Structures are given as C-alpha cells and as structure tokens.
Amino acid sequence: MIWKEDQKLTWDNFQSPVNRKSNPDVVAYTHCGWEYTVVKSTNPKSPVKIDIQTIFNIDKSWKDVKRIDDYVLNHEQKHFDIAEVFSRKLRKEVAEKIKTSGDYDKNFKGIYNRIMNEYRSFQISYDKETNHGNNKEKQAEYNALISQELENFKSYKTS
C-alpha cells in the first residue's frame, strides 16, 4: 500500500497472521518504509530520475485482535506517517543534490544511508518514548510533531 494523505490505515491492512514480537506491550506491528526506482545513464552528465514511494507492507504487518482499538490504530498510522516524513526528507536531498547520473553514483548511497539511519532512530525513539502508544501525553506530542514535519516537507510529497 502506498502512503496517501487522504488514505488512513485500517485494521484490515494488517494481514500477517504472525505476531513476531515477544514484548507484551506491543499490540500491533507496522512494517513500512520506502522504495525507490532509478533511471540513469552510463553518461555521468545525463539527467537522472529517482522516484521514492512510502509503502506499508500489508503481508508483514500484524495485530493482536484481542487488544486492538482506534487509539492503537492511530499509533500505527503514525509509524507510516513517520516513513512518509523521511521519504520527503530523502526526496528533498535528492532534488537538491542529485541532478545527474554522476551525482547519483557519487552521492545517493551516502544520502540514503544517513536518512535511513535517522529514520530507524526516530521510529525507535517514537515507540520508546510513547511506550508503544501507552503514554498518551507523549503520543499526543508525537502526533503534533509528525503532523508538523509532514507540513514542513509538504512540497516534497508525491500525491
């Protein structure tokens, strides 16, 4: 499933039958991130085209059906939204720094790896600080922060 501003996750999107976490605090797991495609040339001066899409993996995301509710679904939606924030950050850097196939060869991997590391750290902090959404005050703070970040990078959304 591709991230869209007007399309929110539903519990039907969580189709993995396997609960892969041993942590009893975890009620659901959102498997998301981004994919990219590149069209480039062997000529280093040729323009390069890079498309980056935020994705949610339906078949790798799961839920504990006995404990799900709208509040938990919102927490999981924010994981997906965080992926979109970092996709936008990646799109921004790509737009600013990678114009040619040569730029791509020299710079893409470093930019990608740095943003991926920032993304992973943010996701870990989000779960830790909100206690997987159980800390309602921290969850509200993150909800506002994530909305603000989506707004800050809105010129780098795809849809």
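Residues numbered from 1 in each chain as written. Predicted model: local features only at pLDDT ≥ 70, side-chain atom pairs only at ≥ 80, totals over all residues. Heavy atoms only, no water.

*Asks:* Go over the nonpolar core with me, naming the residues and quoting the values.
*Replies:* Trp 34, Ile 50, Leu 90, Ile 98 and Tyr 119 are the most contacted members of the largest nonpolar core, which has 33 residues in total. Sorting the residues of this core by element identifies strand E2 (32–39), strand E3 (49–56), helix H1 (70–97), helix H2 (101–130) and helix H3 (136–152) as the ones contributing at least two each. Per element, the largest residue contribution to this core is 9 residues, and it comes from H1. Those residues in contact with Tyr 119 that sit more than four places away from it in its chain are Cys 32, Gly 33, Trp 34, Ile 82, Ala 83 and Phe 86. (Core = buried A, V, L, I, M, F, W, Y, C linked by side-chain atoms within 4.5 Å. Buried < 20%, exposed > 50% of the residue type's maximum accessible area, 1.4 Å probe, protein only. Helix = DSSP H or I, 4+ residues; strand = E, 2+ residues; numbered from the N terminus. Contact = heavy atoms within 4.5 Å.)

*Asks:* Mind laying out the environment of Ile 115, listing which residues take part and the relevant values?
*Replies:* The residue Ile 115 is located in helix H2 in this model. The buried category is assigned to Ile 115, whose relative accessible area is 1%. Each C-alpha atom, one on Ile 115 and one on Phe 86, is 7.0 Å from the other, the two residues being 29 residues apart in sequence. Leaving out residues up to four positions away in the same chain, Ile 115 has contacts with Trp 34, Phe 86, Lys 89, Leu 90 and Glu 93.

*Asks:* For the confidence of the model for the protein, give the residues involved together with the corresponding values.
*Replies:* Residues at a pLDDT of 70 or more form 96% of the protein, whose mean pLDDT is 94. Mean pLDDT across the secondary structure elements of the protein bottoms out at strand E1 (residues 28–29), with 90, and peaks at H3, with 98. (pLDDT = per-residue confidence, 0-100.)

*Asks:* Lay out the packing of H1 against H2 with the relevant residues and their values.
*Replies:* Two numbers describe a pair of packed helices, the interaxial angle and the distance between the axes. Direction vectors running N to C along H1 and H2 enclose 155°, while the axes themselves pass 10 Å from each other. With respect to H2, the axis of H1 lies roughly antiparallel. Note that H1 runs across H2; the crossing there is right-handed. Here the residues of the contact of H1 with H2 are counted per class, giving 12 nonpolar, 5 polar and 8 charged. (Axes fitted to C-alpha atoms, helices over the stretch in contact; angles between N-to-C directions. Parallel < 35°, antiparallel > 145°, perpendicular 65-115°, else oblique. Left-handed = near helix turned anticlockwise from the far one by under 90°. Nonpolar A, V, L, I, M, F, W, Y, C, P; charged D, E, K, R; others polar.)

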